[in-house]
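Fold and contact review
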Amino acid sequence: MNPARKSLPSLPLILGLISLALFVPGIAVMENTRAWGATMQLAVPALFLGGISLVWGAVILKGKPSGKVYGLAVTGSITGGLAIIFWVVMVPMMMVFALPARDADPEQPLVHQSGEQMKIWVRHIKTFYRDEGRLPVKLEELVATGYASESLLYDSRQASKNVPSFRLMVKEMPPEGEWATTPILEGRIPNPRDGTRLIAYPDERLGVVKP
């Protein structure tokens, strides 16, 4: 076998492992910058190292080595190939899908859940209004008449279930032209950050009222 092919048989494996290891700081860069340029400053060298690992291992294997040299060459080529696939697949997936999806997650999940409950209440209230020609006296009437489930009465942030977490703010449905400006439902549980409480409008938008 060519002496050059015998030299440093472990190098393909080392380069492949370095290429894979660079993904750790790569994740930090992607999370902190959300920028393709900064990410590619790590991705390009990592792909280059992975490519060298793959090619160098293949060159050694062409010499039909045996024993430890063969094992290192095969492992190095596989590691380099996996590193290339990893970078080519994972970076676009994280930049295009995973990180934007995580950014879209609400900062306060329980407050977000409360808002979603209020939107459901607004839909039930409007359905009741269309059917009965009036607003319910209180939300419990919607439960009693089968328009809503009892579990909707309580905010997940409320420890005890002795009082409904939401209340109607009006006795009559406002004209449709005022649905975007006249709130009809109010949450009783204050936001722990600023003390504000959620309100909901007939058009299913949400807002807040200050303490």
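What comes next concerns the included structure. Since we're looking at a predicted model, the values are computed, not measured.

Digging into the layout of surface pockets
- In this structure, the largest pocket spans a volume of roughly 160 Å³.
- Lining the largest pocket are 14 residues, and of these V111, H112, N191, L198 and V208 sit closest to its centre.
- Contributing elements (two or more residues each) for the lining of the largest pocket: α6 (109–132), β3 (197–200) and β4 (206–209).
- No other element matches α6, which puts four residues into the lining of the largest pocket.
- Residues of the lining of the largest pocket, tallied by class, amount to six nonpolar, five polar and three charged.

Digging into the sheet that holds β3
- Reading across the sheet, the four strands line up as β1-β2-β3-β4 and stay open at both edges, with antiparallel pairing between neighbours. Strands with a single pairing partner mark the edges of an open sheet, and in this sheet they are β1 (166–168) and β4. Along the sheet, successive strands turn relative to each other by an average axial angle of 30°, direction set aside.
- Relative to β4, β3 runs antiparallel, the two being bridged by four bridges. Residue pairing for β4: L198 is matched across the bridge by V208.
- Contacting β1, β2 (185–187), β3 and β4, α6 runs over the sheet at an angle of about 30° to β3.

Calculation notes
- Residues numbered from 1 in each chain as written.
- Predicted model: local features only at pLDDT ≥ 70, side-chain atom pairs only at ≥ 80, totals over all residues.
- Heavy atoms only, no water.
- 1 Å grid on protein atoms, 1.4 Å probe; cavity = no way out; pocket = protein on both sides within 12 Å on 5 of 7 lines; lining within 4 Å.
- Points joined across faces, edges and corners; volume = space filled by probe spheres on them.
- Helix = DSSP H or I, 4+ residues; strand = E, 2+ residues; numbered from the N terminus.
- Nonpolar A, V, L, I, M, F, W, Y, C, P; charged D, E, K, R; others polar.
- Pairing = 2+ DSSP bridges.
- Axes fitted to C-alpha atoms, helices over the stretch in contact; angles between N-to-C directions.
- Contact = heavy atoms within 4.5 Å.

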